[in-house]
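Here's the letter readout for the chains.
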Amino acid sequence: MPGFDFHPLQGKPQRYSVHVNGPWCLTFEFEGGDALRVDLEQYH
């Protein structure tokens, strides 16, 4: 979706990121169409 900066991250297993607010992002993996191992991270 525009404005949330959804993007894949480098590394294995494949993880994705969505901006929440400022430097805070939700990171997660997909498995069988479900989001798993969801984390709130400050990675910038």
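Up top is the structure.
Residues numbered from 1 in each chain as written. Predicted model: local features only at pLDDT ≥ 70, side-chain atom pairs only at ≥ 80, totals over all residues. Heavy atoms only, no water.

Peer 1: When you look at the sheet that holds strand β3 (residues 24-31) in this model, what are you seeing that I'm missing?
Peer 2: Across a sheet, strands are paired by hydrogen bonds formed along the backbone, either parallel or antiparallel in direction. Strand order in the open sheet formed by four strands is β1-β2-β3-β4, and the pairing between neighbours is antiparallel. Whereas interior strands pair on both sides, the edge strands pair on one side only; in this sheet they are β1 (7-8) and β4 (34-42). Relative to strand β2 (residues 16-21), β1 runs antiparallel, the two sharing two bridges. Pairing of proline 8 across the sheet is with tyrosine 16, part of β2. (Pairing = 2+ DSSP bridges. Helix = DSSP H or I, 4+ residues; strand = E, 2+ residues; numbered from the N terminus.)

Peer 1: What is the right way to read the environment of phenylalanine 30 from this model?
Peer 2: Summarising the element assignment, phenylalanine 30 is placed in strand β3. What makes phenylalanine 30 partly exposed here is its relative accessible area of 46%. Residues phenylalanine 30 and glutamine 14 lie 16 residues apart in sequence; the distance between their C-alpha atoms is 8.0 Å. Not counting residues up to four positions away in its chain, the partners in contact with phenylalanine 30 are Phe6, Tyr16 and Ala35. (Buried < 20%, exposed > 50% of the residue type's maximum accessible area, 1.4 Å probe, protein only. Contact = heavy atoms within 4.5 Å.)

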